[in-house]
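# Chains, contacts and geometry: an overview
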There are 2 protein chains.
Amino acid sequence: MAKHAASFLVAGWVKHYNKQSFLSDLIAAVIVAIMLIPQSLAYAMLAGLPPEVCLYASTAPLIAYALLGTSSTLSVGPVAITSLMTSAALAEVAQQGTAGYLTGAITLATLSGIMLLGFGLLRLGFLANFLSHTVVSAFITASALIIALSQVRHVLGIEAEGDNLFELVHAIGIQSSDANLYTVLIGLATLTFLFAVRTWGVGVLQKAGLSARTAELAAKSAPVIGVIASILVTFRFELADRGVAIVGEIPTGLPMFAVPTFSLELVEILLIPAALISIIGYVESISVGRTLGARRQERVDSNRELVGLGAANLSSAFSGALPVTGGFSRSVVNFDAGAVTQGASIYTAILIALASLFLTPALYFLPKATLAATIIVAVLSLVDLSIIRKTWRYSRSDNLALLMTICATLGFGVETGVSFGVVTSLALHLYRTSRPHIAEVGLVEGTEHFRNVRRYEVKTVPEILTLRVDESLFFANASFLEDEIFMKLTSQPAIRHVILMCSAVNEVDFSALEVLEELNRRFEEQGLALHLSEVKGPVLDRLHRMAFMDRLSGGLYFTQHQAFTDICARLHSSALSEKP
Amino acid sequence: MAKHAASFLVAGWVKHYNKQSFLSDLIAAVIVAIMLIPQSLAYAMLAGLPPEVCLYASTAPLIAYALLGTSSTLSVGPVAITSLMTSAALAEVAQQGTAGYLTGAITLATLSGIMLLGFGLLRLGFLANFLSHTVVSAFITASALIIALSQVRHVLGIEAEGDNLFELVHAIGIQSSDANLYTVLIGLATLTFLFAVRTWGVGVLQKAGLSARTAELAAKSAPVIGVIASILVTFRFELADRGVAIVGEIPTGLPMFAVPTFSLELVEILLIPAALISIIGYVESISVGRTLGARRQERVDSNRELVGLGAANLSSAFSGALPVTGGFSRSVVNFDAGAVTQGASIYTAILIALASLFLTPALYFLPKATLAATIIVAVLSLVDLSIIRKTWRYSRSDNLALLMTICATLGFGVETGVSFGVVTSLALHLYRTSRPHIAEVGLVEGTEHFRNVRRYEVKTVPEILTLRVDESLFFANASFLEDEIFMKLTSQPAIRHVILMCSAVNEVDFSALEVLEELNRRFEEQGLALHLSEVKGPVLDRLHRMAFMDRLSGGLYFTQHQAFTDICARLHSSALSEKP
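Keep in mind it's a predicted model, so treat the numbers as computed, not measured.

Thresholds applied
- Residues numbered from 1 in each chain as written.
- Chains lettered and ligands numbered in written order.
- Predicted model: local features only at pLDDT ≥ 70, side-chain atom pairs only at ≥ 80, totals over all residues.
- Helix = DSSP H or I, 4+ residues; strand = E, 2+ residues; numbered from the N terminus.
- Rg over C-alpha atoms; globule rule 2.2 N^0.38 Å.
- Buried ≥ 20, exposed ≤ 12 C-beta atoms within 10 Å, placed from the backbone.
- Core = buried A, V, L, I, M, F, W, Y, C linked by C-beta atoms within 7 Å.
- Contact = placed C-beta atoms within 7 Å.
- Pairing = 2+ DSSP bridges.
- Axes fitted to C-alpha atoms, helices over the stretch in contact; angles between N-to-C directions.
- Right-handed = clockwise from strand over helix to strand, strands pointing away.
- Least-squares fit on C-alpha atoms with pLDDT ≥ 70 in both.
- Parallel < 35°, antiparallel > 145°, perpendicular 65-115°, else oblique.
- Nonpolar A, V, L, I, M, F, W, Y, C, P; charged D, E, K, R; others polar.
- Domains from an automatic or database assignment.
- Expected span 1.5 Å × (residues − 1).
- pLDDT = per-residue confidence, 0-100.

### Describing the overall build of chain A
- Along chain A, the regular secondary structure elements total 24 helices and eight strands.
- Radius of gyration (C-alpha) of chain A: 31 Å, far over the 25 Å computed for a compact globule of 580 residues.
- When the backbone C-alpha atoms are referred to their principal axes, chain A occupies close to 115 × 60 × 60 Å.
- Within chain A, the fraction of its 580 residues that count as buried is 51%.

### Remarks on the nonpolar core
- If you look at the biggest cluster of nonpolar residues, it comprises 133 residues, and the most contacted ones within it are L41, Y65, A80, A105 and I375 of chain A.
- Once residues lying within four places of it in the same chain are set aside, the contact partners of L41 of chain A are P51, C54, V247, L363, L366 and L371 of chain A.

### Considerations on the sheet that holds strand β6 (residues 497–501) of chain B
Residue and element names in this part refer to chain B.
- Sheet architecture is open: six strands sit in the order β4-β3-β5-β6-β7-β8, paired in mixed fashion. Edge positions in the sheet fall to β4 (450–452) and β8 (556–557), since each of these pairs with one other strand and no more.
- In this structure, strand β3 (residues 438–443) lies alongside β4, joined through three bridges in antiparallel fashion. Within the sheet, the bridge partner assigned to G442 lies in β4 and is R451.

### Here's the deal with the sheet that holds strand β7 (residues 529–533) of chain A
Residues and elements named next belong to chain A.
- With mixed pairing, the six strands of this open sheet are ordered in space as β4-β3-β5-β6-β7-β8. The sheet is open, and its two borders are formed by β4 (450–452) and β8 (556–557), each paired with just one other strand.
- Sheet topology note: the β7/β8 ladder contains two bridges and is parallel. Across the sheet, S533 pairs through a bridge with Y557, a residue of β8.
- Set on the sheet, helix α20 (residues 475–491) makes contact with β3 (438–443), β5 (464–469) and β6 (497–501); between it and β5 the angle comes to about 155°.

### Observations concerning the environment of W392 of chain A
- Mapped onto the fold, W392 of chain A is located in helix α17 (residues 386–394).
- With 90 residues separating them along the chain, W392 of chain A and S302 of chain A place their C-alpha atoms 31 Å apart.

### With respect to the pairing of β6 of chain B
Residues and elements named next belong to chain B.
- Judged by how many residues are buried, β6 sits mostly within the fold: five of five residues are covered.
- The alternating pattern of β6 places H497, I499 and M501 and V498 and L500 on opposite faces, both of which are buried.
- Read as a crossover between parallel neighbours, the route from strand β5 (residues 464–469) over helix α20 (residues 475–491) to β6 is right-handed.
- As judged from the five bridges shared by β6 and strand β7 (residues 529–533), these two strands associate in the parallel manner. Note on β7: the bridge partner recorded for V498 is L530.

### Notes on unusual backbone geometry
- Located in the positive-phi region is E534 of chain A, a residue other than glycine, with phi close to 55°.
- A positive phi angle is found at R123 of chain B, which is not glycine, with a value near 55°.
- Considering the arrangement of structural elements, one finds R123 of chain B in the loop between α6 (99–121) and α7 (133–156).

### Re the relation of the copies chain B and chain A
- Mapping chain B onto chain A calls for a rotation angle of 180° and an axial translation of 0.1 Å; the resulting RMSD is 0.1 Å. The two molecules are tied by a two-fold rotation axis, judged by turn and shift.
- When the interface residues of chain B are mapped onto chain A, 100% of them are again interface residues, pointing to one common binding face.

### As for the interface of chain B and chain A
- Taken together, the 42 residues of chain B in the interface contact 42 residues of chain A.
- Counting only elements with at least two residues in the side of chain B that touches chain A, the list comes to α7, α17 (386–394), α19 (414–433), α20 and α21 (510–525) of chain B.
- Of all the elements, α20 of chain B adds the most residues to the side of chain B that touches chain A, at six residues.

### Observations concerning the packing of helix α5 (residues 80–90) of chain A against helix α12 (residues 264–295) of chain A
Residue and element names in this part refer to chain A.
- Closest axis-to-axis distance for the α5/α12 pair is 10 Å, and the angle between their directions is 175°. For the element pair α5 / α12, the angle class is roughly antiparallel. When α5 is examined against α12, the residues I81, T82, M85, T86 and A89 are found in contact with a partner set consisting of L270, P273, L276, I277, I280 and G281.
- Residues of the contact of α5 with α12, tallied by class, amount to eight nonpolar, three polar and no charged.

### Re the domain arrangement of chain A
- The domains assigned to chain A are domain 1 (17–429) and domain 2 (438–570).
- Relative placement of domain 1 of chain A and domain 2 of chain A: their C-alpha centres are 55 Å apart.

### Structural notes on α7 of chain B
- The end-to-end C-alpha separation of α7 of chain B is 35 Å, in line with the 34 Å expected for 24 residues at 1.5 Å each.
- G157 of chain B, located one to two residues past α7 of chain B, shows a positive phi value of around 75°.

### A word on the pairing of β5 of chain B
All names here are of chain B.
- Buried residues dominate β5, accounting for five of its six residues.
- One ladder, built from three bridges, connects β3 with β5; its direction is antiparallel. Within β5, the position partnered with E440 by the bridge is L467.
- Across five bridges, β5 lies against β6 in parallel orientation. Bridge pairing in β6 links L465 to V498.

### A short note on the confidence of the model for chain A
- Residue-level pLDDT values for chain A average 84, and 97% of them are 70 or greater.
- The low-confidence segment residues 1–9 of chain A (pLDDT under 50) makes one contact with residues lying over four places distant or belonging to another chain.

### Notes on the environment of V340 of chain A
- Tracing the chain through its elements places V340 of chain A in the loop between α14 (328–336) and α15 (343–358).
- Assessed through the 20 C-beta atoms surrounding it within 10 Å, V340 of chain A is described here as buried.

### Describing the environment of S132 of chain B
- Note on placement: S132 of chain B falls in the loop between α6 and α7.
- The spatial distance from the C-alpha of S132 of chain B to the C-alpha of K220 of chain B is 31 Å, given a sequence separation of 88 residues.
- Apart from residues no more than four positions distant in its own chain, S132 of chain B is found in contact with F475 and S511 of chain A together with A401, S425 and L428 of chain B.

And the structure:
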């Protein structure tokens, strides 16, 4: 037990650490840190928080996850979608820039940490499976569009704000005439540069002689070049005096660790937003972790991941920052840059801490338009419209859920969008599992096989109805079976024997047993017989514990063929005895 | 279309109505009405409402249901559990006896009506399946105990109130010394009489020469005898002056139909209680309807039932009354008394209306203790503790859900109890459906059959892993399959081929397809092959629409045996070619 607890606290990678792992991890850490500095500032802007907050959120949380999580290369920190959700949640609580707003962000991180940790410790990670991947993709695509649109104001130097597509487009339309020329120039230049690098960068660098991997990583550092260039331009041409919004002073220093304090009232308001942020953050993170883990035969444990992310969020709250999660782009860069263990994340955290201590004065003249451009380019890569066409071709119900989630998110904002997505997923799941697949089967002549009467030429007898139940029976679907039998009995009045072929029934829960008991009782009243065939061993063991098996109006048969021939023989002999 | 709409509005029974049906229905109506008058007064007391309100709730709603519902014998009106839930919901809104309290009850009926009607029109009746029957039984047993305890105060003539077991027992304990002797005598006499009739009544009456059915019905009218006797005793001995609480003046008249008016604020407070009342009311009603329907080969349609109950609740709201639903005892009496069509309910409604016009002055001296005694006897018949033992023997997880729901209801009251029950049901359902049954199978030598390696002596090959998937694959369980394969690959590194035997897979949704695509992609990277066998026709048709089948790293086989022998042959020939 003690050993287990220890291995839980000190991750496995620490034991086998060596110099080579250290060097690989360090190189990856430097590359990730360089990418993270502008990214953190950009997400702080997206969340409506001071820039240093997101730098803090990229230090302690990385270490917490490295010690408790299971993915060796997942990089934790503020990400675009949870930052937007944070700003949407806080819009109802306080004005951006006030102390109350920051307290709100810390409260969200605390609640999110407690929830994730609690779910992990209660081993409820499986619940995340109930968020349909289709619905999550829809939500992310729509959110990415909203995020991109919300940043247009920084590129134009205007105030156009909004929570959904219509508000944003309307506000941008009205205010676009107030755009600041210099801001627009910087924004468009950065956008053009970033899109160009994304499109042609790797090819050009490879032609220039770089290896494929180096070219890939160099292209990923394009935002850093954009940041440095725009700082220099803004400083040189004194653009801040010509209306270009800049980041300004960022307090140097390290996060002050403190136990977060907040009001119960705030907790009540932020409880549901925190739950939604946790869900989306977790689902995104585990999918990134699994994708990267698969490439290295590394198993990602969903409950351990919840614990890791919970600890990361709590440590973010203790550093006075916002909710964090495993990010896609940062983790991929970490992986591609050669990180071998969680050590890379720890070194990244140290480098970011050093940057917040010494580098922030250099970012004074960084135009907000540049940050907005990096966000736009980053999130537009999350937009995947091909899934609309794919689901349309594959399944109309998936397609409908997808389109509805996209429309809800675009039309009513991210909070409504994700709530809608969760409810849609659950409703889809409930609907699908409420009707077990049940087929009426008949004998394939000359064999002992029974097949669906709708698809095969099979032998049936009017007095016998055989239903093959293709799923486990439990409270949610058992009454569907009851209805099905009832309908068959009404439409085929000759039926005297009903055989349930249970070859695919792995479980019969207590409510389903009650349904079977009720069916059996009714059958007896009406002079019908209920037979069971091919019942699996464990199911039979359980049924034998109850009075049901003794009261069964028909028989229990090892195979369906035995059941069918036996009942046919009985029908035949009773027909003979009735004749004279 | 017009014809369909008309048949929807005018129920089928009207067309074939004749004199004999009329007579049968009328007799049943008289018997039900006699039983309903004291029952309505009792439930009004339970709900904390004036007595006439429950008489109104037993008129228009019966007619509305008769015209729109599907069960021919279901009798709609106020029932014990929804009356208790009404009083629990209104406790937070207003004091009993105030106009605000009554407005609250009407609001609950309106909201409940709208919800039920909406769910019915949207054809969402299947959602009720997700309330586990085990959990509903637990809730009803616990609620019945709380209702019985809540009525003890009327039998003792004290004020002891409370929402849960502890509060009630505590209050009764403190105040029992204040009990009024005459009230206690009346209460205990009624209780003794009713229990005696329930236990021995039918037997005694049958011995006295009555037929079984007449004896049954006569025994059911015991509460009416109790009511008449206690009115006479109270009047004769002037017990009202000696501290016995009586019903007092009931305004004579008919309900005033009016469109209910209420505040948005009230709606917000009562929305969730109304939803819970609707759920419990609907689940109870449909189970009564199905039980009675089964005895007459009558199909009860869940969506039509929702519409019928929704209309009944709306008409109750328009009459200024509380939420109603199909009651068990009243429907059974209606059925046993020989009702053949919904006409019986309409005549019952007319008789109750006549009673509210002319009979109420006669009820002036009715002691509340008598009504309390009838409630106690009625609800104690709902208590079913045997289910605790049965579920314990059958399934521990069902037993746990049951005990937890009972404890939540007894410990925290009906509202918490039912919310808890709904959440527990859903969590159980989600947990069970998140892990598809997957078995590793091998060849039964000498046959073409494949069986679970854990249960049978079968032939396997280290390079081949065959998994039989026993359920449809969709978003909630597909990643479980992924994890399972991953674990097998880690523990059995010799595996080069994975065959998914899909004989029981009826559906693969888009999210599950994505999981399969991702698996296939990874397999290719690692030099493994993914094969499919025994894929059902409709599933295959769909898969063929996507690029997945072209990219499949392994083969597609009609039978598992073909897959196994083919891959074995390939392994053998490649082993031979590697030898030299």
